[in-house]
Structures are given as structure tokens and as C-alpha cells.
Amino acid sequence: MEYIQKMIRPFTDRSNYYMQQPNSFKRKESKHTHDPQQVLLYIKQIYFTLQTQQNVNMSFLNPNYFSDIQSDLNPEMRAQMIDEVHKLCTSHKAQRRTFHQTIYLLDVYLSTNRIFTAQIDSIYKTCYFIASKYEEIYPSPLWRYTNDRDEMQEIFQIEKELLSLVDFKLVTASSYVWLNYYWTIINIAEKTQNWLTYSLLLLDVAVYNINIIKYEPSKIACASLYTSAIMLNIQMNWNSFASQFGLHFQHEIKEISNLIMITLKDSVNLKREIVKHMQLQKEREFF
């Protein structure tokens, strides 16, 4: 707590940050010229595009869908579906982006359609089916995770419903996308590479908590950076750091950080799939 209190400083207005400080994005790019993702020429446009897409994505979500719609489901069942999604991603060596896209689609469908326990398998498989086709170069064919003809037909039907629901807008500004964006700006030295690794792992854990989906993905990404910095004992003043790089301030993400820590503790106690694979994922970009 003393460490957190030392990080607290008077907050400043960040509303026009990207307009007022164009020079804050200047950095040496010579060692990154081979990577098209590291070009910062359009970083401000990327920010505004992500912000717009984030608002669109949030409009499809109902954070209270368990109390409003899903009378036959509970948060633990959702967590079990996420476990199964993680198993699919692991066995098919899917990208981390696919994992987060699948969870987003799952929450969108549960936000608008009441489902029964018998449909659980078809729902999460459909979400993974769509996400893998969108994100993967070589998506896994459907027969690799279901051999039942009736289930296949149900998956195709749910796919039509879900794609119509999002109006075929599958571009997702997920917390994973935001974290990669922030990391590109920060360009931290190699000695703090574990910071990114731990932040990515915390993002994977955070999706298990239904209470987190009401927050913007950009704040969740910042909260994972903030929480992992505390875990790794990285000495910094977060508000100064956030002001420098255009991140969210401490008062905006503190509650999310607490939820992430609670979820991490619960995931360890309940032996979630993500916890089982944490050690294996530390030096890998995909599951």
C-alpha cells in the first residue's frame, strides 16, 4: 500500500493529449525498421481508430446479461466455457488475439440471446470458429473439434445469428490489441521485457471476471501494465508515466487492477486452464 500511495500525484487533464503533444511519439526507430508494426508515423491515427472501434465494440455488450437475460447460466459456467476456449486455442496453437476475439464474441452473444445449458458447447465452439477464421492464416476446420453432424448444423446457425448481430463487424479493439499499441509507444528497454510478458498473462486472466467487461479495453490494458509493474516491483510514478505516454491515470484503472488481482487469486485456487499454462506461455507469443 505504501508503494501505491507513493505513486499517487495530482491528476492532469489528458483529454487533448494527442493533439497538444505531437513530439511525444518521437523515438529511435532504426532497430525496428524491419517491423511494419513498429512504424509510428500514423500512431495518432491508430489511436483514434482504436478509440472509435472500442466504442462500437462496447455498444454490443451488456455487462449485466446474467441478471437481465441468462437465467440458466452463471459466471462459473462462463468461466468453464473460457477454459474450453483456452483448450481449443492451446491444441490448435491459435494466436492470443484469437483467444480474446473469441471471448468478446461469446460475451456479445450472451448479451443478447438467452441460452440453455445444453447449448453451451455449441456456443463457445461457434465463437472460436468465427474468431479463428478471422484471425488465423490457417484456421482449424470445424471437424477438428466436433464430429457430430447435428452440432455442426447448430454451429452454422449460431454463426449466422452472431454475424448478423454484430453486422459482420469483426474488427475488435480488444485489450490485447490496446496493450500491443501501448507497448509500441512505450518502447521499454530489454531489461523490462518481463513486464510485457506478465501484462499479457494478466490480460488472459482478466477475461474470466464478468465484472471487467463493463470497462473499456484500453483501461483494462493499462490496468494489466499497472498491476504487473507492482508485481515485478518496477519503481515508477505511474501518473507521470501515464502522462508521458498517453495511458490512463491511476484513479481510472485502480478498481480494474483490484479485480484482476482477485481474479488471479481465484484462478489459482480453482486451477483454471490459463493458470496451468502460465509457465509455458512466458516466452511464447501464442498458446
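What counts and what doesn't
- Residues numbered from 1 in each chain as written.
- Predicted model: local features only at pLDDT ≥ 70, side-chain atom pairs only at ≥ 80, totals over all residues.
- Heavy atoms only, no water.
- UniProt positions renumbered as here; feature names shortened; annotations may be inferred.
- Salt bridge = Lys/Arg side-chain N within 4 Å of Asp/Glu carboxyl O.
- Helix = DSSP H or I, 4+ residues; strand = E, 2+ residues; numbered from the N terminus.
- Buried < 20%, exposed > 50% of the residue type's maximum accessible area, 1.4 Å probe, protein only.
- Phe/Tyr/Trp six-rings, centres within 6.5 Å; stacked < 30°, edge-to-face > 60°.
- 1 Å grid on protein atoms, 1.4 Å probe; cavity = no way out; pocket = protein on both sides within 12 Å on 5 of 7 lines; lining within 4 Å.
- Points joined across faces, edges and corners; volume = space filled by probe spheres on them.
- Nonpolar A, V, L, I, M, F, W, Y, C, P; charged D, E, K, R; others polar.
- Patch = residues over 30% accessible without salt bridge, like charges linked within 9 Å, V, L, I, M, F, W, Y side chains within 5 Å.
- Areas by Shrake-Rupley, 256 points an atom, 1.4 Å probe, with all protein chains shown as cover.
- Contact = heavy atoms within 4.5 Å.

Looking at an unreviewed UniProt entry, the chain carries the name Cyclin-like domain-containing protein, with the source organism given as Paramecium pentaurelia. Quoted verbatim from the Sequence similarities (unreviewed entry) field of the UniProt record, the comment on the chain reads "Belongs to the cyclin family."

Participant: How would you explain the pattern of salt bridges if you had to name every residue and give the values?
Facilitator: On inspection of all chains with the given rule, the structure shows ten salt bridges. We note a salt bridge from Arg78 to Asp107, for which the minimum N-O separation is 2.9 Å. With Arg78 in helix α5 (residues 75–91) and Asp107 in helix α6 (residues 96–112), the pair connects residues that are 29 residues apart, well separated along the chain. Each of the two residues, Arg78 as well as Asp107, counts as buried. Between Lys219 and Glu216 there is a salt bridge, with the nearest N and O atoms lying 3.7 Å from each other. Owing to a relative accessible area of 29%, Glu216 belongs among the partly exposed residues under this scheme.

Participant: So what about the packing of aromatic side chains? Which residues, and what values?
Facilitator: According to the stated counting rule, one finds 14 aromatic pairs in the structure shown. Plain terms: the ring middles of Tyr47 and Trp178 are 5.9 Å apart, the flat faces sit at 80 degrees to each other, and that makes the pair edge-to-face. Of this pair, Tyr47 sits in helix α3 (residues 43–59) while Trp178 is found in helix α9 (residues 175–186), placing the two residues 131 residues apart along the sequence. Between Trp178 and Tyr182 the ring centres are 5.6 Å apart and the planes differ by 35 degrees, which places this aromatic pair in the tilted class. Here Trp178 and its partner Tyr182 are both found in helix α9, four residues apart, which amounts to about one turn of the helix.

Participant: Describe the layout of surface pockets, and please don't skip the residues or the numbers.
Facilitator: Estimates place the volume of the second largest pocket at around 200 Å³. Listed by contribution, the elements that provide at least two residues to the lining of the second largest pocket are α5 and α13 (250–270). Tallied by class, the residues present in the lining of the second largest pocket amount to five nonpolar, four polar and three charged.

Participant: Residues and numbers for a nonpolar patch on the surface, please.
Facilitator: Taken together, Leu41, Tyr42 and Ile46 make up a surface patch of nonpolar side chains, about 330 Å² in accessible area. Tracing the sequence through the fold places Leu41 in the loop between α2 (17–20) and α3.

Participant: An account of the side chain of Thr102 is requested, with residue identities and associated values reported.
Facilitator: Tracing the sequence through the fold places Thr102 in helix α6. With residues up to four places along the chain from it excluded, the contact list for Thr102 reads Val85, Tyr124, Cys127, Tyr128 and Ala131.

Participant: Mind laying out empty space enclosed by the protein, listing which residues take part and the relevant values?
Facilitator: One pass over the full model with this rule turns up one cavity of 30 Å³ or more. Roughly 290 Å³ of internal volume is contained in the largest cavity. Lining the largest cavity are 20 residues, and of these Tyr104, Ser175, Ile213, Pro217 and Ile220 lie nearest its centre. Looking at the lining of the largest cavity, the element that brings in the most residues is α6, giving four residues. In terms of residue class, the lining of the largest cavity is made up of 13 nonpolar, five polar and two charged.

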